[in-house]
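Secondary and tertiary structure notes
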Amino acid sequence: MATETDQKDLFRALPDFPPSIWGSTFASLPSQDQQFEAYTEEVEILKVKVKHMLMQSSVNLTTNVEFINLLCRLGVSYHFESEIDEHLNHMFNAFPSLYQGEDYDLYTLGLLFHTFRLHGYKMSSDVFKKFKKNDGEFDNNITSDVKGLLSLYEASFLRVHDEGILDEALDFTKKHLETILIQKSSPNYLLKHIKKSLSRPFHHGVERIETLEYISFYEEEESRNETLLKIAKLDYNRLQLLYRKELAHLSRWWKELKPAEKLPYARDRIVEGYFWTLGSQFEPQYSFARLMGTKYLKMVSVIDDTYDTYGTIDELKPFTYALQRCTIDGSDELPNYMKDLYKKIMDLFGETENHENDGICYRTSYAKKMFIELARGYLVEAEWLNEDGYVPPFDEYLKNGLITSTYGSLSSATMIGMEELGIKDYEWMKSNPKIIEATKLIGRLMNDIKAHEVEYNRRDCPIGMKSYMNEYEVSKDEAIEGIQKICMNAWKDINEAYMKPSVGSRIILKHFLNHARVTDFIYTSHDIYTYSSYLKDVIESLFLHQLPL
């Protein structure tokens with residue numbers, strides 16, 4: 001017999017989320033293991049040639065750093081991490097003496113700065129002082145060096161706090177690059193680079209998207225290296241086959257949960273969820289990390305919609321308490337739809353534990369803890385809204401908002417599949433270091449800006465923005481500008497934490513850097529996770545279209 005709550009569910013309004021645009025597209029994808037192995041064999045052969053070319057490039061600093069930059073831009077640098085770090089370490093130690101005896105141009109210094117910092121080497125921004133006039137302004141003569149301007153523009157996004165020269169460089173280069181783009185006063189291939197960089201600089205880009213775009217640019221360059229182009233295309237196609245296999249598995253898993261029937265109020269976004277996870281960890285050895293990260297992400301997305309758009313406060317409280325108990329019979333007092341959701345969550349916890357074949361249970365334990373902490377954070381927001389639209393002070397909102405950013409939960413789930421991490425890494429994460437807090441901050445606040453700009457029956461939309469507007473007595477536009485400045489400073493925190501020597505492992509630092517990047521992509525123009533039609537072309541390019549060889 002249906003309970004009174006269940007009877008009410010029959011008439012409860014559903015949020016107006018757009019349906020999935022993918023249907024069974026990915027669930028029906030066939031496995032292509034033989035083709036994957038064939039691509040892998042070709043890549044392994046070419047890797048030997050590329051290692052030799054990397055060694056040959058070391059005879060000249062500029063040639064060496066340009067080659068390393070190409071490996072990064074073409075998405076194959078992960079094959080040569082130890083070699084690249086060895087080269088950069090040598091260059092970084094030798095650079096001070098080389099700099100004294102060589103008049104490096106703007107393009108080269110920008111590229112060196114960008115490449116060093118991208119790999120954690122903190123090159124001084126003072127090298128750019130030579131391009132300033134006596135009055136402290138950048139010399140307008142450098143505007144004729146378009147490649148140099150673009151190089152400095154890209155470098156400026158790796159700035160840290162108290163680097164005013166790079167803040168000025170960003171404003172200066174952006175203004176002049178926009179003028180060059182409008183006037184079309186450079187070769188077409190360079191204009192494409194400028195347009196792309198102004199839209200999203202490389203440092204803020206999702207790695208697989210950056211790789212795909214750069215391969216298309218590089219094909220048009222007359223001076224292209226055919227071996228590098230070939231290995232980039234082969235490796236891209238190779239990894240795409242792996243991603244398809246993972247997506248097929250995840251799509252079938254999601255379909256078996258019967259979301260349309262059991263969870264009609266929730267966003268049906270398994271493909272978009274996988275894209276999000278891929279943005280954080282694209283390398284082939286992290287296949288299991290992507291699978292677990294995406295499954296947890298989908299459960300997080302569903303409980304997000306449960307707290308934000310569908311559940312009543314009288315349902316959400318016992319649901320939260322049930323999650324805290326985390327037992328099979330913990331859902332006895334819940335309405336039917338919540339019982340089913342609770343069981344799905346318990347099943348996911350069980351699946352995770354069954355894969356713990358190395359005898360180490362702290363990964364699963366930490367992921368469960370973060371999931372439960374997230375549910376408590378969601379309940380806090382629901383209780384604020386239940387109190388006649390209570391708007392907390394901004395500091396109070398942010399303290400809880402760092403939890404509801406979801407990055408603590410999603411990262412802990414992804415890291416279940418990262419076997420190289422140990423207890424020390426988890427203890428470091430539990431201390432909530434600056435890079436993790438900054439990533440959570442960006443995730444929470446960029447989401448808030450986009451949530452405030454749309455109307456889709458989502459009850460929590462105004463909280464973050466209203467809290468800021470009330471706290472500082474500003475308009476919506478002023479609040480957006482202020483929050484964007486907070487995010488910009490958070491990026492500086494991330495950049496600073498990424499520099500060597502660092503307390504956290506490079507793997508974790510890169511993971512959280514990538515979280516910030518995918519957030520930037522998801523929320524820059526629209527909430528493209530919710531409104532996934534904006535993501536359609538990207539998904540098709542990444543997962544359905546192979547590059548012609």
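The rules behind these values
- Residues numbered from 1 in each chain as written.
- Predicted model: local features only at pLDDT ≥ 70, side-chain atom pairs only at ≥ 80, totals over all residues.
- Heavy atoms only, no water.
- Salt bridge = Lys/Arg side-chain N within 4 Å of Asp/Glu carboxyl O.
- Helix = DSSP H or I, 4+ residues; strand = E, 2+ residues; numbered from the N terminus.
- Phe/Tyr/Trp six-rings, centres within 6.5 Å; stacked < 30°, edge-to-face > 60°.
- Buried < 20%, exposed > 50% of the residue type's maximum accessible area, 1.4 Å probe, protein only.
- pLDDT = per-residue confidence, 0-100.
- Contact = heavy atoms within 4.5 Å.
- 1 Å grid on protein atoms, 1.4 Å probe; cavity = no way out; pocket = protein on both sides within 12 Å on 5 of 7 lines; lining within 4 Å.
- Points joined across faces, edges and corners; volume = space filled by probe spheres on them.
- Nonpolar A, V, L, I, M, F, W, Y, C, P; charged D, E, K, R; others polar.
- Axes fitted to C-alpha atoms, helices over the stretch in contact; angles between N-to-C directions.
- Parallel < 35°, antiparallel > 145°, perpendicular 65-115°, else oblique.
- Left-handed = near helix turned anticlockwise from the far one by under 90°.
- Core = buried A, V, L, I, M, F, W, Y, C linked by side-chain atoms within 4.5 Å.

Our next topic: the pattern of salt bridges. Between side chains of opposite charge, a pair can form when the charged atoms approach closely. Evaluation of the coordinates by the stated rule reveals 29 salt bridges. One salt bridge in this structure joins Lys133 and Asp135, with 3.9 Å as the shortest N-O distance. Note that Arg200 is salt-bridged to Asp520, the shortest N-O span being 3.1 Å. Placement of the pair is Arg200 in the loop between α8 (188–199) and α9 (207–219) and Asp520 in helix α23 (residues 506–523), with a sequence separation of 320 residues. Connected via shared salt-bridge partners are Arg159, Asp167 and Lys492.

With that out of the way, let us pick up the packing of aromatic side chains. One pass over the structure, following the stated rule, counts 33 aromatic pairs. Here Trp253 and Trp254 contribute two aromatic rings whose centre-to-centre distance is 6.2 Å and whose plane-to-plane angle is 35°, an arrangement assigned as tilted. Trp254 carries the same exposure label as Trp253, and that label is buried. Between Phe349 and Phe371, the aromatic rings sit 5.6 Å apart at their centres with planes inclined by 85°, giving edge-to-face as the arrangement. Taken together, the residues span a long stretch of sequence, with Phe349 in helix α15 (residues 336–354) and Phe371 in helix α16 (residues 362–386) at a distance of 22 residues. A relative accessible area of 0% means that Phe371 is categorised as buried.

Attention shifts here to the confidence of the model for the chain. Across the chain, the average pLDDT comes to 91, with 95% of residues at 70 or higher. Contacts for the low-pLDDT stretch residues 1–10, under 50 throughout, to residues beyond four places or in other chains number ten contacts. Taken as a whole, residues 455–460 scores under 50 in pLDDT and shows 25 contacts with residues more than four places along the chain or in a different chain.

Right, let's talk about the environment of Leu441 for a bit. In this fold, Leu441 is placed in helix α20 (residues 434–453). Of the residues examined, Leu441 reaches a relative accessible area of 15% and is grouped as buried. Here the alpha-carbon distance between Leu441 and Leu323, two residues 118 residues apart in the chain, equals 25 Å. Apart from residues no more than four positions distant in its own chain, Leu441 is found in contact with Leu398, Leu402, Ile486 and Ala490.

It is worth spelling out empty space enclosed by the protein at this point. For the structure on display, the rule yields six cavities of 30 Å³ or more. Put simply, the largest cavity is a space of about 270 Å³. The wall of the largest cavity is formed by 22 residues, among which Trp276, Asp304, Thr406, Asn447 and Tyr523 lie closest to the centre. The set of elements that each furnish at least two residues to the lining of the largest cavity consists of α13 (287–310), α16, α18 (407–414) and α20. Ranked by residue count, the leading element in the lining of the largest cavity is α13, at five residues. Its residues assigned to classes, the lining of the largest cavity shows eight nonpolar, six polar and eight charged. For the second largest cavity, the calculated volume is near 60 Å³. Lining of the second largest cavity is provided by Arg73, Glu154, His193, Lys196, Ser197, Phe202, Glu210, Glu213, Tyr214 and Phe217. Those elements that place two or more of their residues in the lining of the second largest cavity are α8 and α9. Sorting elements by how many residues they give to the lining of the second largest cavity places α9 first, with four residues.

This part takes up unusual backbone geometry. A cis amide bond links Lys500 with the next residue in sequence, Pro501, at an omega value of -5°. Even without glycine at this site, Asn432 takes up a positive phi of about 55°. With respect to the secondary-structure elements, Asn432 resides in the loop between α19 (423–430) and α20. Not every positive phi belongs to a glycine, and Glu473 is a case in point at roughly 50°. Its place among the elements puts Glu473 in the loop between α21 (463–472) and α22 (476–498).

Moving on to the packing of α16 against α19. Closest axis-to-axis distance for the α16/α19 pair is 11 Å, and the angle between their directions is 15°. By the angle between their axes, α16 is roughly parallel relative to α19. Classified by chirality, the crossing of α19 by α16 is left-handed. Contacts between α16 and α19 involve Tyr362, Arg363 and Tyr366 from the former and Ile423, Tyr426, Met429 and Lys430 from the latter. Classifying every residue of the contact of α16 with α19 by side-chain character gives five nonpolar, no polar and two charged.

With that out of the way, let us pick up the nonpolar core. Judged by nonpolar contacts, the single largest core of 178 residues is most densely connected at Phe128, Phe319 and Ile345. It is helix α10 (residues 226–256) that contributes the most residues to this core, 15 residues altogether. Beyond its immediate stretch of four places on either side in the chain, Ile345 contacts Met299, Ile303, Phe319, Leu323 and Phe371.

Moving on to α18. Summarising burial for α18: eight of the eight residues are buried, a large majority. For α18, the full list of buried residues reads Tyr407, Gly408, Ser409, Leu410, Ser411, Ser412, Ala413 and Thr414.

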